[in-house]
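# Coordinate inspection notes
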Amino acid sequence: MSSIADQTISALRGGHDALVAFVGKLGQEDLVRPSGASDWQVSQVLSHLGSGAEINLAALRAAKSGGATPGGDFNKSVWARWDAMSPAEQAAGFVESNQRLVEEYEALDPTTRAQLRIDLGFLPEPVDVATSARMRLSEFALHQWDVEVGFDPSATVSAEAVALLLDNVGAMLAWTSRADVLGGRQAHLTVRLEEPSRLFGLRLGERVELTDVPQQPDGELVAPAEAWLRLTVGRLGAQYTPEAVRLTGPVSLDELRGVFPGF
């Protein structure tokens, strides 16, 4: 049975190949269309993914060699270089940069995948390959959606990525949620997800947190797991919400979107 690291690296490859094929069909006018990311056109999303791949690759190579992860000045220089590129250069650069990162992950042997620790530069301590790859997958899969939804409002995050990212939502709520938008109102909802199936509680109060299923829920959210994932990172606008999403109780879907504004 493959490890979480193996599965995540495989998902990174699948996402890369799919987005490269998609980008290869885009013309100059397509690259400057609005994306699903607020205030970013398509080429800017690709620039963000390309520069992020370059920074992630530097951290991965430093971990393999035993060297220090490049610091904030390196990141700033990377971002500045990518920001100066034309839309066509950003698209082409993304293809090359992300390919290098994916290949570097793929080249890790089983022992290295299990034992290597990577200093990403912004966490208290180094993380294992599975965690590093999963964090990249989260960024990649959602920005892949940002690109694709600019052309198809019914676009979805890949099922392979959803399955790997879904159970890590709870750990991110402290950064992705805003309990204050409800003005002190509280609710404890049952959340029922499909594809893949999940059942748990969502407590909205002084903080936002996942819980066991409440015995006496104030309402219920039923949704595809993919839509729930997008909701928690501010990507479930009304125009991107599938009909299968249903919410009952004292909190409206618009209010719930406000709880999860994205970042």
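The structure contained in this document is the topic of the report that follows. Sequence order as written defines the numbering, with residues in each chain counted from 1. With the structure being a predicted model, the display of local features is reserved for residues of pLDDT at least 70 and the display and counting of side-chain atom pairs for 80 or more, all residues being used for whole-chain, interface and lining totals. Hydrogens and waters are ignored; side-chain quantities use all the structure's heavy atoms.

### Concerning the nonpolar core
Note on terminology: a nonpolar core comprises buried Ala, Val, Leu, Ile, Met, Phe, Trp, Tyr and Cys residues joined through side-chain atoms within 4.5 Å. The buried label applies to any residue whose accessible area, calculated with a 1.4 Å probe on protein chains only, is under 20% of its type's maximum; exposed applies above 50%, and partly exposed to all values in between. By size, the foremost hydrophobic cluster in this structure holds 60 residues, and its most contacted members are Tyr105, Leu202, Leu204 and Trp228. Only DSSP runs of H or I reaching four residues or more are called helices, and only runs of E reaching two or more are called strands; each is numbered from the N terminus. Of the residues forming this core, the biggest block, eight residues, is contributed by helix 7 (residues 129-149). When checking whether two residues touch, look at their non-hydrogen atoms; a contact exists if any pair is within 4.5 Å. With residues near it in sequence (within four places) discarded, Tyr105 still touches Ile9, Leu12, Leu60, Arg113, Val129, Ser132 and Ala133. Counting residues in hydrophobic clusters, the runner-up holds 13 residues, among them Leu19, Leu26, Val42 and Phe140.

### Focus on the pairing of strand 6 (residues 219-224)
The side chains of a regular strand alternate, residue by residue, between the two faces of the sheet. Among the six residues that make up strand 6, five are buried, leaving the element largely enclosed by the rest of the structure. Strands qualify as paired when DSSP identifies two bridges or more between them. In this sheet, strand 6 lies alongside strand 3 (residues 187-194) in parallel orientation, the contact comprising six bridges. In the sheet register, Thr190 faces strand 6, and the bridge partner there is Glu220. Sheet topology places strand 6 next to strand 7 (residues 246-248); three bridges connect them, and they run antiparallel. Of the residues in strand 7, the one forming a bridge with Glu220 is Thr248.

### Thoughts on the layout of surface pockets
Once rolled over the atoms, a probe with the size of a water molecule shows which space is left empty. Size it by volume and the largest pocket reaches roughly 1,400 Å³. The definitions used throughout rest on a 1 Å grid laid over the protein atoms alone, on which a cavity is an enclosed set of points accommodating a 1.4 Å probe that cannot get out and a pocket is an open set flanked by protein within 12 Å on both sides along at least five of seven lines; lining residues are those having an atom within 4 Å of a point. Looking at the largest pocket, it is lined by 42 residues, and the ones nearest its centre are Phe122, Met135, Glu139, Met172 and Phe263. Every element with two or more residues in the lining of the largest pocket is listed here: helix 3 (42-65), helix 4 (72-83), helix 7 and helix 9 (169-176). At nine residues, the largest contribution of residues to the lining of the largest pocket is made by helix 7. Grid points are joined across faces, edges and corners, and a volume is the space filled by probe spheres set on the points.

### A look at the sheet that holds strand 5 (residues 208-211)
In space, the five strands of this open sheet follow the order 5-4-3-6-7, with mixed pairing throughout. Every other strand in the sheet has two partners, leaving strand 5 and strand 7 as the edge strands with one partner each. Each strand axis lies, on average, 25° off the axis of its neighbour in the sheet, ignoring direction. As judged from the four bridges shared by strand 4 (residues 198-204) and strand 5, these two strands associate in the antiparallel manner. Bridging across to strand 5, Leu204 finds its partner in Val208. Whenever a helix is involved, its axis is fitted only over the stretch in contact; in every case the axis is a line through C-alpha atoms, and angles between N-to-C directions fall within 0 to 180 degrees.

### A look at the pairing of strand 4
Two elements, strand 3 and strand 4, share seven bridges in a ladder whose sense is antiparallel. Counterpart to Leu193 in the pairing with strand 4 is Arg198. The hairpin formed by strand 4 and strand 5 contains three residues between the paired strands.

### Side note on the pattern of salt bridges
When their charged atoms lie close together, side chains carrying opposite charge are able to pair. Any carboxyl oxygen of Asp or Glu within 4 Å of a side-chain nitrogen of Lys or Arg constitutes a salt bridge here. The final tally for this structure, using the stated rule, is 16 salt bridges. Of the charged contacts in the structure, one is a salt bridge between Arg235 and Asp146, with a shortest N-O distance of 2.8 Å. A residue pair is termed long-range when its members are at least 10 positions apart, and Arg235 in the loop between helix 10 (225-231) and strand 7 and Asp146 in helix 7 qualify at 89 residues. Asp146 carries the same exposure label as Arg235, and that label is buried. For the salt bridge of Arg230 with Glu226, the shortest nitrogen-to-oxygen distance reads 2.5 Å. With a gap of four residues between them, Arg230 and Glu226 both fall in helix 10, about one helical turn apart. A relative accessible area of 1% means that Arg230 is categorised as buried. With a relative accessible area of 9%, Glu226 lands in the buried category. Each of Arg13, Asp17 and Glu106 takes part in salt bridges that share partners, so that together they form one network.

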